[in-house]
Amino acid sequence: MMKLVALLALTGAAAETYFEEDFSGDWEKTWTQGQMPGKEMGKFTSTSGKWFVDEAANKGMATSEDMRFYSITAPLAKKASSAGKDLVIQFSAKVENHQYAFCGGGYIKLMPDGIKQESFNGDDPYHIMFGPDLCGYDVSHVHLIFNHKGENLLKTDKIALEYSDKNEYTHLYTAHIKPDGTYEVFFDLESKAKGKLVDDWAFPKPTIDDPEDKKPSDWVDETEIDDPEDKKPDGYDDIPAQIPDPDATKPEDWDDEDDGEWEPPLIDNPEFKGEWVAKKIDNPAYKGEWKPAQIANKDYEEGVQLASYESAFVGYELWIVNNGTIFDNILVTDDIEYAKAQGEKLWRPTQKGEKDVKEKWDKENKPADDAPADDDEDAEGEEEEEEEKDEL
């Protein structure tokens, strides 16, 4: 804690925290579970899971049922305004029942004022959606979606997770959106993606392609052409793809009258080189890749901060195939250093100790090795008894 205080003193100002939840208190007074119209809903419960490093510290909010929709929201302690300020969203997620076939989202939403908490669902507007999307072998990435004038913008290139990142341990997700139009996403306090919002999302660009500019009909965009000096060798097409096997011999029991005339089997011809293709050379007429002229974008607003919001609620709206995802240490703030310090304080001890406690739990809950042997012995005994009866 002293380290954190010293760090904040150096920055000259304390972090402004809009929301912070570690589920150590009466969290259900803060959070409202919703009922999506026409959906079969699951319930969020409080648990540390089947295995944990510190039962109190690792207690979080968990999905409790398979194949269910989930909806839950909480008001921010104070409205989060990112106008001219940084915005940081951070939380941890532990997919305790993770298997290779696991499928489920784990993304948090930051929302405007006026939502109906009791029926919060996927059709309700949000400002930012952030968190992991995991499903089977193929889907493994982190979503960071921004709403821009009513349209939800997905990142052009996905923030991919490594195969080793998909497991049953607790991971920390952090999104840092800056007022200068840049961003950075962290996974377990390590940078996963960063850059400019305008480059990586479909926010209006300063310029756009001129729809009136057309590619000239005589534009040459082939980088290479066939070498006109390269000629097909005489007799090239006369070389067969297969030839009779010179090492094959007629079987001794072959009867030409009964079996027909014997022919040796065919093998690939080592002299055959495939279809002839001329060598390529640089195209002297190549003009480069054609691009339309750029014109000013009427939708671009000079000097307007991207991803600037006034948010009032935080929440999760999920479809979960496998239960057992535990969310914890949710933080919305304007200070990335405070978020990192909280990550080190609250998440790092769990990360360091989880593998050992998981292995211990697995050993303690592993089925007895001799159970199958007992079943086999009982079966053998019954068979012997039946044989004795048959003999009598």
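Residues numbered from 1 in each chain as written. Predicted model: local features only at pLDDT ≥ 70, side-chain atom pairs only at ≥ 80, totals over all residues. Heavy atoms only, no water.

Participant: Can you tell me about the overall build of the chain, naming the residues and giving the values?
Facilitator: When you go through the chain residue by residue, the secondary structure sums to 5 helices and 23 strands. The buried share of the chain, reckoned over its 392 residues, is 40%. Considering only contacts in the chain between residues 6 or more positions apart, those separated by 24 or more positions represent 75%. Carbon and sulfur atoms provide 48% of the accessible area of the chain, an area that totals close to 23500 Å². (Helix = DSSP H or I, 4+ residues; strand = E, 2+ residues; numbered from the N terminus. Buried < 20%, exposed > 50% of the residue type's maximum accessible area, 1.4 Å probe, protein only. Contact = heavy atoms within 4.5 Å. Areas by Shrake-Rupley, 256 points an atom, 1.4 Å probe, with all protein chains shown as cover.)

Participant: How would you summarise the nonpolar core if you had to cite specific residues and measurements?
Facilitator: Judged by nonpolar contacts, the single largest core of 58 residues is most densely connected at W31, I128, F130, F146 and Y316. When residues in this core are grouped by element, the largest group, 6 residues, is from strand 22 (residues 310-320). One finds A15, L331, I336 and Y338 within the second-largest nonpolar core, a separate group that totals 7 residues. (Core = buried A, V, L, I, M, F, W, Y, C linked by side-chain atoms within 4.5 Å.)

Participant: Break down the pairing of strand 5 (residues 68-81) for me, with residues and values.
Facilitator: Relative to strand 5, strand 2 (residues 32-33) runs antiparallel, the two sharing 2 bridges. Looking across to strand 5, one finds that Q33 is bridged to I72. (Pairing = 2+ DSSP bridges.)

Participant: How would you explain the side chain of D328 if you had to name every residue and give the values?
Facilitator: By the secondary structure assignment, D328 is in strand 23 (residues 325-333). Notably, D328 is buried but unbridged: the nearest opposite-charge side chain belongs to K94, and the N-O separation is 9.5 Å. Once residues within four sequence positions are removed from consideration, D328 is found in contact with E21, D22, F23, A57, N58, K59, G60, F91 and S92. (Lys, Arg positive; Asp, Glu negative; His and termini not counted. Salt bridge = Lys/Arg side-chain N within 4 Å of Asp/Glu carboxyl O.)

Participant: How would you explain empty space enclosed by the protein if you had to name every residue and give the values?
Facilitator: Scanning the entire structure with this criterion turns up 3 cavities of 30 Å³ or more. Considering only enclosed or pocket space, the largest cavity measures out at about 120 Å³ in volume. Every residue lining the largest cavity is counted, 13 residues in all, and those nearest its centre are N58, S92, T170, D328 and T350. Elements with a contribution of two residues or more to the lining of the largest cavity: strand 6 (87-95), strand 23 and helix 4 (336-364). (1 Å grid on protein atoms, 1.4 Å probe; cavity = no way out; pocket = protein on both sides within 12 Å on 5 of 7 lines; lining within 4 Å. Points joined across faces, edges and corners; volume = space filled by probe spheres on them.)

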